[in-house]
Amino acid sequence: MPALPGFTDNPFRTRSDLVRASTALLNPLAQHKSPQKAFIKLSTDTAAGFDEVSAKLEGFARPLWAIASLLAAGSGTDSLGLDVDSWACGLQAGTNPASSEYWGDLGDFDQRMVEMESIAYALLMAPAVFLSGMDAVARENLETWLRQINGRQMPQNNWRWFRVLVNLVLGSQEEAVVAQDLKMLDSFDLGEGWSSDGLWGNERKQADYYSGSFAIQFAQMLYVRFMEDRDLAPDDRSRVERYKQEARQFASGFWRYFDVDGSAIPFGRSLTYRFAFAAFWSAVAIAGVQLDEPLNNIGVIKGLLLRHLRWWGKQPGIFNTDGTINIGYAYPNMFLSENYNSPQSVYWCLKSFTILCLSESHPFWIAEELPHPLTVPALLTQPLLDEVKLLWPPRHILCGGRSHHFLLSSGQGTTKPHRAREAKYGKMAYSSFFGFSVPSGVLLEQMAPDSTLTVSLDDGEVWIVRANPFNVRGRQIPILTSDAAAGMGRGVRTVPALVSTWRPKKANEFEVQTTLIPALELWSGWHFRIHKVKWSPAAIEPGPIRLVDAGFAASGVARTGLLCTESNLRMLLDQDAAVVEAWGKDDHSCLILSDGSASGVVDLQTDLVADDRVASKSPLLLRADANTNLIRQRTLIPAVQHTLVADSGSKSAAEMWLVTGIFAVSKTSGMDVNEIRKLWFKRPQIQVIAKPGEEDEIQIMLH
């Protein structure tokens, strides 16, 4: 794909750099504007689930995040090379019922409500630019169009923030509506500064970038910014202060989703908004909220934002040939898109450019950019074990060691019809380097089931991927010396773990309880999954049951451009062998070495026979369909497959343990192949002690 001068060659160090980047993103849109400037329609011509007028309104409205911010800081429009008057003209035409480019009246649950948020932001940030050229009739048309949002039904989710911000523009005439919306939005609170996108319950359990940086926490900071200087009632002042405190709490964990190179761990929906991942850092800076350690220096926030933009600057695949942004992640990809993604939707990424509303003299731009907190121990108030952190509201364990930056996940999910929802919320691990994969079909290779558990109850005819686990809880797993395990001493330390249960079919008597365990710096590159599998004889029919436990999807392409081929695993691991890009397997493991990285799995359970049931196992290499992974177009997935066959002479329920070690080292770790080989052989011993009626005991052994 083509580079975009001004963005892909941008150092992202200063405000001037971001101004240059924003204009590079905005200028290609000019060729797609309608005659009266109220619509922008990109030439890719794919469709969203809503009407085309709303889609073209998206094209006009979403660039306003950057344009209004530039104007608010007093940047000269001539030096920007932007036709600012066209945006004012478009606003006037779009809200004029007599215009052929009228945006239309609002219905219930209307996409136009979403686009009102960026329009409200523009009117709050730079009112003079957008209103000065309007006569009384045009202003009345604008107000009438915006006011429609107060008389329509809206989803009970982040959309309520759009109505709150619109009413900040309109004034206080709809106080009851705003109060009701704020009360509902506050009910989404999960604690520790996190919000779910709607009430957390059986219908949806979602706490991701959409709620965190694309919408709810982002909007809370805009509310603080625009309410701070107003004469507020005590309740309003209290809410502003509460949102500041929630921002401190949220930020204290949110920074861990960003790797030291600026990449973020992709998770959840709407990932085509790309660098909107970092919008929260812009919003917290423009709201002037002082954060807690290790983010109490604004230079740390600056680094988190700018490194993220730098990472995206190295991804030229995000651009179409005309310089506009495509739907996808690191390259064009419709498999990951949502039904609500039009070609113009992607410009919500410009929420991260709201930082441009701060002038050149603001402390944010004057401050020295500071490195990632995990690279500077002095920035951390806790010891190195802080590289692994359980964040309970999103049910994530963040793992930030040198070898690999990833998270473990259990407990999120939704019944809403989002595309690839099981992949976006139900996998057991997500990585900033390996990304994750979304399905292209129903066959196993098409499902691309990386970092998850996949089950077939009918010997491989139909596969079901893990989703919506229940009975989710955190626990601490002891790491013991051999003496401690024998009762002669105490455990060295504990590590946080996530436990959850999943049934492929609700009515079927087959379930898997999974414990996810990070490995700390003791076993760099590893994490572990312990599956307690329970089933009845009825569940195994027509059987047998196949269970595939998979690792991270690695690049299937060598640096030569050729596809990686199979090799003897012993040769692949030989310390004296030349650097090889290939994959190999033996009786109990599968490993891929490619593009300076490694991904593998090992079956760590030595005895898989339980209660006269027979379990066979075999390593498995899945050649995922092309374009299923978010970051790499061609991938290989290492896995272990277990086949469970019922004992024909038994009618009692069966139970067994499966233990899988998941290995991954990213290219960004800087490790050479011999370092990777040494880590592959450095594994712990894991013991599981069943305790009927109690929680089973799990121990990780140092030896």
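Residues numbered from 1 in each chain as written. Predicted model: local features only at pLDDT ≥ 70, side-chain atom pairs only at ≥ 80, totals over all residues. Heavy atoms only, no water.

1. Thoughts on the side chain of Ser 666
Consideration 1: Note on placement: Ser 666 falls in the loop between β23 (654-665) and α21 (673-681).
Consideration 2: Its relative accessible area of 2% is what places Ser 666 among the buried residues.
Consideration 3: There is a polar contact of 2.9 Å between the side chain of Ser 666 and the side chain of Thr 668.
Consideration 4: In contact with Ser 666, other than residues within four places in its own chain, are Ser 403, His 404, Phe 433, Phe 434, Gly 596 and Ser 597. (Helix = DSSP H or I, 4+ residues; strand = E, 2+ residues; numbered from the N terminus. Buried < 20%, exposed > 50% of the residue type's maximum accessible area, 1.4 Å probe, protein only. Polar contact = N/O pair within 3.5 Å; in protein donor to acceptor, adjacent residues only side chain to side chain. Contact = heavy atoms within 4.5 Å.)

2. Looking at the pattern of salt bridges
Consideration 1: Across all of its chains, the model carries 38 salt bridges by this definition.
Consideration 2: Taking the shortest distance from any N to any O, the salt bridge between Glu 58 and Arg 62 comes out at 3.1 Å.
Consideration 3: You can call Glu 58 buried: its relative accessible area is 0%.
Consideration 4: Here Arg 62 falls in the buried class, since its relative accessible area comes to 1%.
Consideration 5: The residue Glu 655 makes a salt bridge to Lys 532 at a minimum N-O spacing of 4.0 Å. Of this pair, Glu 655 sits in strand β23 while Lys 532 sits in strand β14 (residues 526-535); the two residues are 123 residues apart in sequence, bridging distant segments of the chain.
Consideration 6: The exposure class assigned to Glu 655 is partly exposed, which follows from its relative accessible area of 27%.
Consideration 7: Relative accessible area serves as the criterion here: at 13%, Lys 532 is assigned to the buried category.
Consideration 8: Three or more residues are tied together by salt bridges with common partners; here these are Arg 13, Arg 307, Arg 310 and Glu 369. (Salt bridge = Lys/Arg side-chain N within 4 Å of Asp/Glu carboxyl O.)

3. Re the side chain of Ser 195
Consideration 1: As for its position among the elements, Ser 195 is in strand β2 (residues 194-195).
Consideration 2: Setting aside chain neighbours within four positions, we find Ser 195 in contact with Phe 188, Asp 189, Leu 190, Gln 206, Ala 207, Ser 211, Ile 216 and Gln 217.

4. Some thoughts on the sheet that holds strand β5 (residues 396-400)
Consideration 1: Sheet architecture is open: four strands sit in the order β4-β5-β6-β8, paired in antiparallel fashion. Of all strands in the sheet, those bounded by a partner on one side alone are β4 (388-391) and β8 (429-431). Geometrically, the sheet is characterised by an average inter-axis angle of 20° between neighbouring strands, direction not taken into account.
Consideration 2: Sheet analysis places β4 next to β5, joined by four bridges and oriented antiparallel. (Pairing = 2+ DSSP bridges. Axes fitted to C-alpha atoms, helices over the stretch in contact; angles between N-to-C directions.)

5. Thoughts on the sheet that holds strand β20 (residues 597-603)
Hydrogen bonds between backbone atoms are what pair the strands of a sheet, whose relative direction is either parallel or antiparallel.
Consideration 1: Strand order in the open sheet formed by eleven strands is β17-β18-β19-β20-β23-β14-β13-β12-β11-β25-β24, with mixed pairing between adjacent strands. Edge positions in the sheet fall to β17 (565-566) and β24 (685-689), since each has one partner strand and no second.
Consideration 2: Relative to strand β13 (residues 510-518), strand β12 (residues 493-502) is paired through five bridges, and the arrangement is antiparallel. Looking at β13, one finds that Ser 500 is bridged to Thr 514.

6. A short note on the pairing of β13
Consideration 1: Burial within β13 is extensive, with eight of its nine residues counted as buried.
Consideration 2: As defined by bridge partners, β13 adjoins β14 across nine bridges and the pair is classed as antiparallel. Each bridged residue has a counterpart across the sheet, and for Ile 517 the counterpart in β14 is Phe 528.

7. Quick notes on the domain arrangement of the chain
Consideration 1: Structurally, the chain comprises domain 1 (15-375) and domain 2 (391-701).
Consideration 2: The centre of domain 1, based on its C-alpha atoms, is set 37 Å off from the matching centre of domain 2.
Consideration 3: Contacts between the two partners involve 38 residues from domain 1 and, on the opposite side, 39 residues from domain 2.
Consideration 4: Taken together, both faces of the contact between domain 1 and domain 2 bury some 3,300 Å²; the carbon and sulfur share is 60%. (Domains from an automatic or database assignment. Buried area = accessible area lost by both parts, 1.4 Å probe.)

8. Some details on unusual backbone geometry
Consideration 1: In this structure, Pro 294 follows Glu 293 across a cis peptide bond, with omega equal to 5°.
Consideration 2: Even without glycine at this site, Asp 45 takes up a positive phi of about 65°.

9. Some words on the confidence of the model for the chain
Consideration 1: When pLDDT is averaged along the chain, the result is 91, and 92% of the positions lie at 70 or above.
Consideration 2: Between residues 607-612, whose pLDDT stays under 50, and residues either more than four places distant or in other chains, the model counts twelve contacts. (pLDDT = per-residue confidence, 0-100.)

10. Thoughts on the environment of Arg 395
Consideration 1: Mapped onto the secondary structure, Arg 395 falls in the loop between β4 and β5.
Consideration 2: Once the C-alpha coordinates of Arg 395 and Leu 498 are considered, the two residues, 103 residues apart in sequence, prove to be 7.7 Å apart.
Consideration 3: For Arg 395, the residues in contact, after removing those within four places along its chain, are Trp 200, Leu 408, Ser 409, Ser 410, Gly 411, Val 472 and Leu 498.
Consideration 4: Here Pro 393 takes part through its backbone oxygen, which lies 3.0 Å from a polar atom of the side chain of Arg 395.

11. Side note on the environment of Gly 317
Consideration 1: Looking at the element boundaries, Gly 317 is found in the loop between α15 (298-313) and α16 (363-366).
Consideration 2: Judged by its relative accessible area of 12%, Gly 317 is buried.
Consideration 3: Put simply, Gly 317 and Leu 702 are 385 residues apart on the chain and 44 Å apart in space, counted from C-alpha to C-alpha.

12. A closer look at the packing of aromatic side chains
Consideration 1: Following the criterion strictly, the structure yields 49 aromatic pairs and no others.
Consideration 2: With centroids separated by 5.6 Å and ring planes inclined at 80°, the aromatic side chains of Phe 7 and Phe 319 adopt a geometry described as edge-to-face. Here Phe 7 is found in the segment before α1 (15-26), whereas its partner Phe 319 is found in the loop between α15 and α16, with 312 residues between them in sequence. Accessibility classification places Phe 7 together with Phe 319 in one group, the buried group.
Consideration 3: Ring geometry for Trp 194 against Phe 250: centres 4.8 Å apart, planes inclined by 70°, an arrangement best described as edge-to-face. Linking Trp 194 in strand β2 with Phe 250 in helix α13 (residues 234-254), this pair joins segments that are 56 residues apart in sequence.
Consideration 4: We note Lys 33 situated over the ring of Trp 87; from NZ or CZ to the ring centre the distance is 3.8 Å.
Consideration 5: Between Arg 269 and the ring centre of Tyr 210, over which it is positioned, the NZ or CZ distance is 3.8 Å. (Phe/Tyr/Trp six-rings, centres within 6.5 Å; stacked < 30°, edge-to-face > 60°. Lys NZ or Arg CZ within 6 Å of the ring centre and 35° of its normal.)

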